[in-house]
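Residues per chain, in single letters:
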Amino acid sequence: MDCGDVDKILPLIDGKLSGVLLTHAHFDHIYGLNVLASLFPAVPVYTNRAGLDELCSDKLNFSKYHGDPFVLEDAGSVRLVDNGDKLDLFDDGIEVQAIFTLGHSPSCVTWAVDDLLFTGDSYIPGVKTVTNLPHADKQQAAESEALIHQLATCRTVYAGHAPELNENNQMI
Ligand SMILES: [Zn+2]
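I will try to describe carefully the structure that is included in this document. (Residues numbered from 1 in each chain as written. Predicted model: local features only at pLDDT ≥ 70, side-chain atom pairs only at ≥ 80, totals over all residues. Heavy atoms only, no water.)

## As for the side chain of Asp-28
Turning to step 1, where the next piece is worked out: Locating Asp-28 in the fold gives a position in the loop between β1 (20-21) and α2 (33-39).
Turning to step 2, where the next piece is worked out: It is Lys-8 that comes nearest to the buried, bridge-free Asp-28 among opposite-charge side chains, at 12 Å.
Turning to step 3, where the next piece is worked out: Polar contacts involving the side chain of Asp-28 include one to the side chain of His-161, which spans 3.3 Å. (Helix = DSSP H or I, 4+ residues; strand = E, 2+ residues; numbered from the N terminus. Buried < 20%, exposed > 50% of the residue type's maximum accessible area, 1.4 Å probe, protein only. Lys, Arg positive; Asp, Glu negative; His and termini not counted. Salt bridge = Lys/Arg side-chain N within 4 Å of Asp/Glu carboxyl O. Polar contact = N/O pair within 3.5 Å; in protein donor to acceptor, adjacent residues only side chain to side chain.)

## A look at a negative patch on the surface
Turning to step 1, where the next piece is worked out: Together, Asp-88, Asp-91, Asp-92, Asp-114 and Asp-115 make up a region of like negative charge exposed at the surface.
Turning to step 2, where the next piece is worked out: As for its placement among the helices and strands, Asp-115 is situated in the loop between β6 (109-113) and β7 (116-120).
Turning to step 3, where the next piece is worked out: In this structure Asp-115 comes out as partly exposed when scored by relative accessible area, which is 42%. (Patch = residues over 30% accessible without salt bridge, like charges linked within 9 Å, V, L, I, M, F, W, Y side chains within 5 Å. Areas by Shrake-Rupley, 256 points an atom, 1.4 Å probe, with all protein chains shown as cover. Charge placed at Lys NZ, Arg CZ, Asp CG, Glu CD.)

## Quick notes on the sheet that holds strand β8 (residues 156-159)
Turning to step 1, where the next piece is worked out: Judged by pairing direction, the sheet is mixed, and its 5 strands sit side by side in the order β4-β5-β6-β7-β8 without closing on themselves. For this open sheet the edge positions go to β4 (86-87) and β8, each flanked by a neighbour on one side alone.
Turning to step 2, where the next piece is worked out: Looking at chain direction, β6 and β7 are connected through 3 bridges and run antiparallel. The residue of β7 that forms the bridge with Ala-112 is Leu-117. (Pairing = 2+ DSSP bridges.)

## Digging into the environment of Ala-162
Turning to step 1, where the next piece is worked out: Mapping Ala-162 onto the fold places it in the loop between β8 and α5 (163-167).
Turning to step 2, where the next piece is worked out: Classification of Ala-162 as partly exposed rests on a relative accessible area of 29%.
Turning to step 3, where the next piece is worked out: For the pair Ala-162 and Val-127, spaced 35 residues apart in the sequence, the C-alpha separation amounts to 9.4 Å.

## Concerning the pattern of salt bridges
Turning to step 1, where the next piece is worked out: Tallied over the full model, the rule gives 3 salt bridges.
Turning to step 2, where the next piece is worked out: The partner of Asp-5 in a salt bridge is Lys-8, with the nearest N and O atoms 3.4 Å apart.
Turning to step 3, where the next piece is worked out: With its nearest N and O atoms 3.1 Å apart, the salt bridge here joins Arg-49 to Asp-53. Here Arg-49 pairs with Asp-53, and both are found in helix α3 (residues 49-55), just 4 residues apart, close to one helical turn.
Turning to step 4, where the next piece is worked out: Among the residues examined, Arg-49 registers a relative accessible area of 51% and is labelled exposed.

Structure below.
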């Protein structure tokens, strides 16, 4: 899933990493990727076409405006996904599906992993989806949120931020 502080991720993955599923490529969801790649060289990063553009531009991923410009060093590690694509990442046959939930950003992908749903910033329970950003689309975001509500009826939602972070304006 998204990659911020790598030192928080390492204890959870036990030295094994098959890939990184990006919910979108705003800087606060990607800034650890170069550190991660130094530990897991060429580990694939899954996103859509807009996500690749954002990974390669500190303007599009907004890091330039937060005083810490970030671009992905190894763009060759990116694997592009289309809406509905299924990935075979796990030995035990757990299904991973990319579901485009554009609106908050054109790079937004919600990931259905077995009965879990990773929504990133496309849907955070109890929080209004942020659409006052460049390249955001309010109408698309509303449609995506409706889709996520449907998908969530039989799945557990894991969002990109805890609601309390959003109240402090720390989410983009
Ligand atoms: Zn975001």
